[in-house]
Amino acid sequence: MTASIGGPVAIRAPYDPELEVGLASLPADIFGTENGPATIEESRALMASWRPNMASLTRGGTIDVYDKQIPGPQGAPEITVLVMSPTEGSGPRPVIYHVHGGGMVAGDRYYGAETLAEYVAALQVVVVSVEYRLAPEHPHPAPVEDCYAGLVWVARNAAALRIDPRRIVIMGGSAGAGLAASTALLARDRQGPDISHQVLGCPMLDDRMSGQSTSATDLHSVNFKQGLQNGWAALLGDAAGGPDVSAYASAARADDLSGLPPAYIDVGSSEILLDEAVDFATRLSHAGVPVELHVWPGGFHGFSSLVPHAALSRTASDTRLAYLSRVLL
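In this numbering scheme, every chain counts its residues from 1 along its sequence in written order. Predicted model: local features are reported for residues with pLDDT of at least 70 only, side-chain atom pairs are reported and counted for 80 or more only, and whole-chain, interface and lining totals are derived from all residues. With hydrogens and water set aside, each side-chain value is computed from the structure's full complement of heavy atoms.

Peer 1: Even after reading the chapter, I still don't get the packing of aromatic side chains, so can you show me in this structure?
Peer 2: Given two aromatic rings, one states the distance between the centres and the angle between the planes to describe the pair. Planes of paired rings set the category: under 30 degrees apart is stacked, over 60 is edge-to-face and the rest tilted, where pairs are Phe, Tyr or Trp rings (Trp by its six-membered ring) whose centres lie within 6.5 Å. This model, assessed by the stated rule, comprises 3 aromatic pairs. A centroid spacing of 5.5 Å and a plane angle of 80° characterise the contact between Tyr-15 and Phe-300, whose relative ring orientation is edge-to-face. Remark: Phe-300 occurs in the loop between strand E10 (291-296) and helix H10 (303-306) and Tyr-15 occurs in the loop between strand E2 (7-9) and helix H1 (17-24); sequence separation between them is 285 residues. Given the relative accessible area of 1%, Phe-300 is considered buried. Both rings, one in Trp-50 and one in Tyr-111, keep their centres 6.1 Å apart while their planes meet at 20°; by these two values the pair is stacked. One end of the pair, Trp-50, is in the loop between helix H2 (40-49) and helix H3 (54-57); the other, Tyr-111, is in the loop between strand E5 (93-99) and helix H4 (113-123), with 61 residues separating them in the sequence. Three exposure classes are used, based on accessible area relative to the maximum for each residue type with a 1.4 Å probe and protein chains only: buried under 20%, partly exposed in between, and exposed over 50%. For Tyr-111, a relative accessible area of 25% gives the class partly exposed. We count a charge as sitting over a ring when the NZ of a lysine or the CZ of an arginine lies within 6 Å of the ring centre and within 35 degrees of the ring normal. Across from the ring centre of Tyr-15, 3.9 Å away, lies the NZ or CZ of Arg-12, which sits over that ring. In this text, helices come from DSSP runs of H or I with a minimum length of four residues, and strands from runs of E with a minimum of two, each type numbered from the N-terminal end.

Peer 1: Which parts of the structure should I look at to understand the environment of Asp-218?
Peer 2: Residue placement: Asp-218 occurs in the loop between strand E8 (197-201) and helix H8 (219-236). In this structure the C-alpha to C-alpha distance between Asp-218 and Ala-10, which are 208 residues apart in sequence, comes to 9.9 Å. One polar contact links Asp-218 to Arg-12, side chain to side chain, over a distance of 3.0 Å. Whenever two N or O atoms come within 3.5 Å, that pair is a polar contact, provided that in protein one can donate a hydrogen and the other can accept it, and provided that, for residues adjacent in sequence, both atoms are side-chain atoms.

Peer 1: I keep staring at the side chain of Ser-85 and nothing clicks. Help me out?
Peer 2: Looking at where Ser-85 falls in the secondary structure, it is placed in strand E4 (residues 79-86). Overall, the relative accessible area of 9% leaves Ser-85 in the buried class. Among all residues touching Ser-85, those that are not within four sequence positions of it are Thr-62, Ile-63, Asp-64, Val-120, Val-125 and Val-126. Residues are treated as being in contact if the distance between any of their heavy atoms lies within 4.5 Å.

Peer 1: What's the story with the sheet that holds strand E6 (residues 126-131) in this structure? I'm lost.
Peer 2: Within a beta sheet, neighbouring strands are joined by backbone hydrogen bonds and run either parallel or antiparallel to one another. Pairing is mixed in the open sheet, where 8 strands are placed in the order E3-E4-E6-E5-E7-E8-E9-E10. Each of the sheet's edge strands pairs with one partner strand only, and the pair in question is strand E3 (63-70) and E10. Recorded for the sheet is a direction-independent mean angle of 15° between the axes of neighbouring strands. A strand pair is defined by DSSP finding two or more bridges across the two strands. With 5 bridges connecting them, E4 and E6 associate as antiparallel partners. Looking at E6, one finds that Val-81 is bridged to Val-130. Packing against the sheet, H4 makes contact with E3, E4, E5, E6 and strand E7 (163-173), and its axis sits at approximately 35° to E4. Here helix H11 (residues 311-328) sits on the sheet and contacts E5, E7, E8, strand E9 (263-268) and E10; the angle it forms with E10, its principal contact strand, is near 175°. Each axis is a line fitted through C-alpha atoms, taken for helices only over the stretch in contact, and angles between the N-to-C directions span 0 to 180 degrees.

Rendered as structure tokens:
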């Protein structure tokens, strides 16, 4: 740790060696270049290029996969969800309600769908993945209100979906984890659907980005921080980082975390979101919420999905799957 006039500066922990090799083989614009982070348009194009083939999600006909238009928030357009469920057997089953990542500005309901299909196959659960409106075209509260509307639809349509409304897990990664956490706050405060657990991967929780881990000065960290700041600015405009941001936009702003669902939170030790993930987990625990926290040594943001065959990625993925199995089955 070194000091500077502006305060302590974090030294990023080294990447896991196998992950570092994998990182070098990824498209350069994932975490930006010497010219800065990817633009919104570049991010959207990149994430669209990762969209899986619908047929691959069916796992040889063992998973039923379809899109459905559902009611959006009052006065807002309909939203689309991706539904995946086992073709064999009957319910009611647990459901994973998934909120995709993308820095608040990119991604769709199919982002992460291959991993979600693995959960359907391994756990015999139903998955509903929501496609919310994106910033900057649709700033706060549009994204989180879409996520909440999708959650309400899932609970109200439990019989048709053949799910158990007492076993709803909300899950997200990065911006999706931040929106999942804020959706859980909305559900608590509006006395909405009961969420049994929340699973937050490398969560984007705090628009203030004041944790010491955000001060790392290597190019990767600087670019990633700027990309996150751009995402928060797209969502919140000039209010980002100021005193008047709602916890339903930035979950770390919540003063009261009591009464929230038990949480599984994981994060890499070598990414700038480390501090806010650990702080949120600590505050949940202090509020009486059961928390399982994993800090993966040498992990960068999204490592388990970006370099899935690395040993650390497999361990992280297996640990998350084991948690889901334990709390749902």
